[in-house]
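The residues making up each chain are set out below.
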Amino acid sequence: MDIIDALILGIVQGLAEYLPISSSGHLEIFSDILGLNLSGQQSLRFDLMLHVATVLSTIVVLWKEFAPLCTSFFTFRRDENTSTVWKIIVSCIPVAIVGLCFKTQVEGFFGGQLNVVGICLLVTALLLTLSYMLVTRPNLQGRSGRTARDITFTDALIIGCAQAIAVLPGLSRSGTTIATGILIGDKREKVAHFSFLMVIIPILGEALLDMKKMFGGTDAAAAGEDSIGWLAIAVGFIASFVVGCIACKWMLNIVKKGKLWWFAVYCAAVGILCLVW
């Protein structure tokens, strides 16, 4: 992988992480277009570093929401912010189980399997369509026309299960979690903020574990095979962070307006192209 490849993939990640079109799926697609022959583990590691960049862009864009959460939680306050942090922690339980128990199986889906990406993109399109047709059509604010509610602990767990399933390439994490929250009756804007914040813990946790393996020597074999240099990783990281800051703000405005069906059409078209390819 050269610097140009890393730059392109960083831009793709920054856009696709927040737009409901699957960042992991698009990284697989563009890796195939660019002719990059990365193993599942190499692809997953590079993807992880790009995801860390977009997590940092989330913190920057949502700093006004993020800072009070940290302040309340670490000073042991009993307020709404602390409750939100506990909901985020609850939402991370399903993806933690998947990461601990099924990591090898998940890695097997990465590395150029465009048929898997195509199918998952079609599922993403279906979820986005349902969230629009059944809930967010004009003049409707919640499930079955009822007023949408704030996120409960049960809702957080359900959205967390959606995030765990969305580890598959092509199944958009933001699209899946936001659509799930809308379908169960939560407020669109609240779900969007929650979706972007809930990914911080699992991504940073996975990054720390991966860095421990690399520097601790427990992943020596994979490191020896790694064809992605640190300069390429740095270029991809910076591109992903900068573009991610822009895309995050854009996506929040899109969710407010309930225009997710645009991306359903896009995901369906790209999903079909992947299967035909």
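**Quick notes on the overall build of the protein**
Part 1 of the argument: In terms of helices and strands, the protein carries 14 helices and zero strands.
Part 2 of the argument: Shown N-terminal to C-terminal, the secondary structure of the protein runs as helices and strands in the order α-α-α-α-α-α-α-α-α-α-α-α-α-α.
Part 3 of the argument: Sorting the 277 residues of the protein into buried and exposed places 50% on the buried side.
Part 4 of the argument: Pairs at least 24 residues apart make up 81% of the contacts formed inside the protein by residues separated by at least 6 positions.
Part 5 of the argument: Carbon and sulfur atoms form 69% of the exposed surface of the protein, whose accessible area is close to 13100 Å².

**Concerning the layout of surface pockets**
Sizing a probe to match a water molecule and rolling it over the atoms shows the empty space that remains.
Part 1 of the argument: In this model, the second largest pocket occupies a volume close to 400 Å³.
Part 2 of the argument: Elements that contribute at least two residues to the lining of the second largest pocket include exactly helix 4 (63-74), helix 5 (80-101) and helix 10 (188-198).
Part 3 of the argument: Residue composition of the lining of the second largest pocket, by class: four nonpolar, four polar and six charged.

**Focus on the pattern of salt bridges**
Part 1 of the argument: Enumeration according to the criterion identifies four salt bridges in this entry.
Part 2 of the argument: For Arg173, the salt bridge goes to Glu17, with nearest N and O atoms at 3.6 Å. Taken together, the residues Arg173 in helix 9 (residues 173-183) and Glu17 in the loop between helix 1 (3-16) and helix 2 (23-33) connect sequence positions 156 residues apart. For the residue pair Arg173 and Glu17, the accessibility class agrees, reading buried in each case.

**With respect to empty space enclosed by the protein**
Part 1 of the argument: A complete count under the given rule lists one cavity of 30 Å³ or more for this structure.
Part 2 of the argument: Surrounding the largest cavity, Glu17, Tyr18, His51, Thr54, Val55, Thr58, Arg173, Phe196 and Val199 form its lining.
Part 3 of the argument: A per-class count over the lining of the largest cavity returns four nonpolar, three polar and two charged.

**Topic: a nonpolar patch on the surface**
Part 1 of the argument: Where nonpolar side chains cluster on the molecular surface, the patch consists of Ile119, Leu122, Val123, Ile272, Leu275 and Val276 and spans about 510 Å² of accessible area.
Part 2 of the argument: Looking at where Ile119 falls in the secondary structure, it is placed in helix 7 (residues 114-136).
Part 3 of the argument: Given the relative accessible area of 49%, Ile119 is considered partly exposed.

**Points about the packing of aromatic side chains**
Part 1 of the argument: Inspection of every chain in the model, using the stated rule, returns six aromatic pairs.
Part 2 of the argument: A ring pair is formed by Phe73 and Phe74, whose centres lie 5.3 Å apart and whose planes are at 85 degrees; its orientation type is edge-to-face.
Part 3 of the argument: With relative accessibility at 21%, the residue Phe73 sits in the partly exposed group.
Part 4 of the argument: Connected via pairs of aromatic rings, a cluster forms that spans Phe73, Phe74 and Trp86.
Part 5 of the argument: The ring centre of Phe153 lies 5.7 Å from the NZ or CZ of Lys87, which sits over that ring.

**Some thoughts on unusual backbone geometry**
Part 1 of the argument: Here the phi dihedral of Ser22 falls at roughly 75 degrees; this positive angle occurs in a residue that is not glycine.
Part 2 of the argument: Here Ser22 lies in the loop between helix 1 and helix 2.
Part 3 of the argument: Relative accessible area serves as the criterion here: at 1%, Ser22 is assigned to the buried category.
Part 4 of the argument: Even without glycine at this site, Phe76 takes up a positive phi of about 60 degrees.

Thresholds, definitions, all that
Residues numbered from 1 in each chain as written. Predicted model: local features only at pLDDT ≥ 70, side-chain atom pairs only at ≥ 80, totals over all residues. Heavy atoms only, no water. Helix = DSSP H or I, 4+ residues; strand = E, 2+ residues; numbered from the N terminus. Buried < 20%, exposed > 50% of the residue type's maximum accessible area, 1.4 Å probe, protein only. Contact = heavy atoms within 4.5 Å. Areas by Shrake-Rupley, 256 points an atom, 1.4 Å probe, with all protein chains shown as cover. 1 Å grid on protein atoms, 1.4 Å probe; cavity = no way out; pocket = protein on both sides within 12 Å on 5 of 7 lines; lining within 4 Å. Points joined across faces, edges and corners; volume = space filled by probe spheres on them. Nonpolar A, V, L, I, M, F, W, Y, C, P; charged D, E, K, R; others polar. Salt bridge = Lys/Arg side-chain N within 4 Å of Asp/Glu carboxyl O. Patch = residues over 30% accessible without salt bridge, like charges linked within 9 Å, V, L, I, M, F, W, Y side chains within 5 Å. Phe/Tyr/Trp six-rings, centres within 6.5 Å; stacked < 30°, edge-to-face > 60°. Lys NZ or Arg CZ within 6 Å of the ring centre and 35° of its normal.

Such coordinate-based values are descriptive only and should not be taken to indicate function.
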